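Okay, here's what each chain looks like letter by letter:
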Amino acid sequence: SKENIGIMHKTSKYGDIVVDDVIIDEKGEAISNKSKGIYKTITFKDVTDKDNFKKVESVFIDCFKDLMKRLQIKDDATCLIIGLGNEKSTPDSLGPQVVDNILVPKYWFDLGEVEEGYRNTSSFKPSVTGVTGIETKKLIEGIVNVTKPDFLIIIDALASSSIDRVNKTIQMTDAGILPGSGVGNSREGINKDTFSIPVIAIGVPTIVDAVTIVSDTFKYM
């Protein structure tokens, strides 16, 4: 664990899985060019193996629970999960694919009592501004105003500055997200300041530009 002015960094290891836990305050925001907040990065070597997948899944659950606890999000708090990205573009389809595989029991809660272990959750896939012609943040604002969730979870593909990190890390933060930043086309930010409720952003680097590929290739050579 190490601490600089306004930045606290702790590294934990779970076998060959590494978790970097970073907290940035106002002072750290000024010198790091990153928004203040909690940043957790899970780094792993492989998830194509079933055992490795289960290990990464377990670490992810622990990290996510810890973040929820730090944000003081209660068990009965309602949630809206947003899957950002273009499902017709493979590297940018993470958000929509995750939403397609999430159980969203809001309808059950609307009908009556639901057994323990389920959260009142809804989901939305806003696509991308290039497809809809509407600013992504505006679409999400409309859904939030109607459903009035207690907190948001935003899932998006990220851009990486290294080939080594592509599909090898999971990042989560309460600092929000810039839609389109993964493909170099940042839109209006989605965060606690703009929505007045906690926003948890989860991303996986799936995109790397050609310049980085060439540069990394020369390094390997």
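Look above for the structure.
Presented here is a report on the structure given in the accompanying data block. For every chain, the first residue of its written sequence is number 1, and the numbers climb from 1 along that sequence. Note on the predicted model: pLDDT of at least 70 is required for a residue's local features to be given, and 80 or more for side-chain atom pairs to be given and counted; whole-chain, interface and lining totals, by contrast, use all residues. Each side-chain value is worked out from all heavy atoms of the structure, with water and hydrogens disregarded.

**Some thoughts on the overall build of the chain**
Across its full length, the chain carries eight helices and nine strands. In this analysis, two residues are considered to be in contact whenever any of their non-hydrogen atoms come within 4.5 Å of each other. Partitioning the contacts of the chain with sequence separation of at least 6, the portion at a separation of at least 24 is 64%. Accessible surface, the chain: about 13,100 Å² in total, of which carbon and sulfur atoms supply 52%. Each helix is a run of H or I in the DSSP string that is no shorter than four residues. Each strand is a run of E no shorter than two, and both are numbered from the N terminus. Computed with the Shrake-Rupley method and a 1.4 Å probe, the accessible areas treat only the protein chains shown as cover for residues.

**Re the pairing of strand 4 (residues 37–43)**
Burial classes: relative accessible area under 20% of the type maximum marks a residue as buried, over 50% as exposed, and values in between as partly exposed (1.4 Å probe, protein chains only). Most of strand 4 is tucked away: six of the seven residues are buried. Two strands are counted as paired when DSSP detects at least two bridges linking them. Relative to strand 4, strand 3 (residues 17–24) runs antiparallel, the two sharing seven bridges. Looking at strand 4, one finds that Val19 is bridged to Ile42. Of the strand pairs in this sheet, strand 4 and strand 8 (residues 169–173) are connected by five bridges, and their pairing is antiparallel. For Lys40, the partnering residue across the bridge sits in strand 8 and is Met172.

**Here we look at the pattern of salt bridges**
Any Lys or Arg side-chain nitrogen located within 4 Å of an Asp or Glu carboxyl oxygen qualifies as a salt bridge. Going through the model one piece at a time under the given rule, you end up with nine salt bridges. With its nearest N and O atoms 3.2 Å apart, the salt bridge here joins Lys36 to Glu26. Of this pair, Lys36 sits in the loop between helix 1 (26–32) and strand 4 while Glu26 is found in helix 1, placing the two residues ten residues apart along the sequence. Judged by its relative accessible area of 42%, Lys36 is partly exposed. The salt bridge partner of Glu57 is Lys54, with a shortest N-O separation of 3.4 Å. Here Glu57 pairs with Lys54, and both are found in helix 2 (residues 50–70), just three residues apart, close to one helical turn.

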